[in-house]
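Spelled out, the chains give:
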Amino acid sequence: WINFEFQGKSNTIGGFPLTIHDDLVPVHPKRRFEIDLSSKYPGQKIVISTFKEFVKVDFSNPSADAFGNTVGMLGNFKSGKTVSRDQVTVIHDFTEFGTEWQVLPADDMLFHDLSKPQFPEPCVLPEDPRGDRRRRLAESIISIEQAEEACAQLKD
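What counts, and where the lines are drawn
Residues numbered from 1 in each chain as written. Predicted model: local features only at pLDDT ≥ 70, side-chain atom pairs only at ≥ 80, totals over all residues. Heavy atoms only, no water. pLDDT = per-residue confidence, 0-100. Helix = DSSP H or I, 4+ residues; strand = E, 2+ residues; numbered from the N terminus. Core = buried A, V, L, I, M, F, W, Y, C linked by side-chain atoms within 4.5 Å. Buried < 20%, exposed > 50% of the residue type's maximum accessible area, 1.4 Å probe, protein only. Contact = heavy atoms within 4.5 Å. Patch = residues over 30% accessible without salt bridge, like charges linked within 9 Å, V, L, I, M, F, W, Y side chains within 5 Å. Areas by Shrake-Rupley, 256 points an atom, 1.4 Å probe, with all protein chains shown as cover. Salt bridge = Lys/Arg side-chain N within 4 Å of Asp/Glu carboxyl O. Pairing = 2+ DSSP bridges. Phe/Tyr/Trp six-rings, centres within 6.5 Å; stacked < 30°, edge-to-face > 60°. Lys NZ or Arg CZ within 6 Å of the ring centre and 35° of its normal.

Moving on, we come to the confidence of the model for the protein chain. A residue-level look at the protein chain finds 87% of positions with pLDDT of 70 or above and a mean pLDDT of 82. Of all the helices and strands in the protein chain, helix α3 (residues 144-151) carries the lowest mean pLDDT, 84, while strand β4 (residues 45-51) carries the highest, 91.

As a further point, take the nonpolar core. Among the nonpolar cores identified, the biggest contains 9 residues, and these are Phe16, Leu18, Phe33, Ile35, Leu37, Tyr41, Ile46, Ala66 and Phe67. At the level of secondary structure, the elements contributing two or more residues to this core comprise β2 (16-22), β3 (30-36) and α1 (64-67). Each residue touching Phe67, except ones within four places of it in the same chain, is listed here: Leu37, Gln44, Ile46, Phe59, Pro62 and Phe77.

Before going further, it helps to examine a nonpolar patch on the surface. Side chains of Val55, Val57, Phe59, Met73 and Leu74 sit close together on the surface and give an oily, nonpolar patch of about 480 Å² of accessible area. Note that Phe59 resides in strand β5 (residues 54-60). According to the relative accessible area criterion, Phe59 is partly exposed, its value standing at 32%.

With that settled, the discussion passes to the pairing of β2. As a general feature of sheets, a regular strand has side chains that alternate between the two faces. Where strand β1 (residues 12-13) lies against β2, 2 bridges are found, and the strand directions are antiparallel. Note that in β2 the partner of Ile13 across the bridge is Phe16. Counting the residues that bridge the hairpin from β1 to β2 gives 2 residues, and of these Gly14 lies at a positive phi of roughly 60°.

Turning our attention to the packing of aromatic side chains. All told, the structure shown has 2 aromatic pairs when counted by the stated rule. Ring centres of Phe67 and Phe77 lie 6.1 Å apart, and the angle between their planes is 40°; on these two criteria the pair is classed as tilted. Pair noted here: Phe67 is in helix α1 and Phe77 is in the loop between α1 and α2 (94-100), with a separation of 10 residues, a long-range link. On the basis of relative accessibility, which here comes to 7%, the residue Phe67 falls in the buried class. Chaining the aromatic ring pairs together yields one cluster made of Phe59, Phe67 and Phe77. The ring of Phe51 has Lys30 lying over it, and the distance from NZ or CZ to the ring centre is 5.6 Å.

Take unusual backbone geometry next. The omega torsion across Phe119 and Pro120 is 15°, close enough to zero to call that bond cis. Inspection of the secondary structure assignment puts Pro120 in the loop between α2 and α3. Phi at Asn61 takes a positive value of approximately 55°, unusual for a residue other than glycine. Structurally, the position occupied by Asn61 is in the loop between β5 and α1. Its identity is not glycine, yet Gln87 carries a phi of approximately 65°, on the positive side.

Turning our attention to the pattern of salt bridges. Where charged atoms from two side chains of opposite charge come close, those side chains can pair. Summed over all chains, the structure comprises 5 salt bridges. With a closest N to O distance of 3.5 Å, Asp58 and Lys56 form a salt bridge. Residue classification places Lys56 among the partly exposed positions, given a relative accessible area of 47%. What you see here is one network of salt bridges that share partners, running through Arg32, Glu34 and Lys45.

This is the structure in structure tokens:
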């Protein structure tokens, strides 16, 4: 969505040139949005990349002049600390940090529509990224002895 238009076209954002790169793969496309800040901050860019539901934000040659007063989900630019909205409390737990920065009704509208969850409903937490990593040999037709024999030649 760009300017409330599905797959809309735009060549600027916030007055800066915007370049959109799309790999044109219909299933799970990768897209990259480059915001060139050079007109005000020479050599600097914000690059936003997407793949499926994942979003990555990169800053090319960032400076305190351009980003020195930024805070939020990416942390405090100057200190690198993950601070709460009060700009004082440092939060070390990323789940708690994400919850702290959930969009509030008083925040500007960033998206084309309101979808759940919306504050005060809590954000949907991801599953444990490490997952359940215990071996499930009891559910396998391979015995423990067979597994140990197969792995005996492997070195740590």
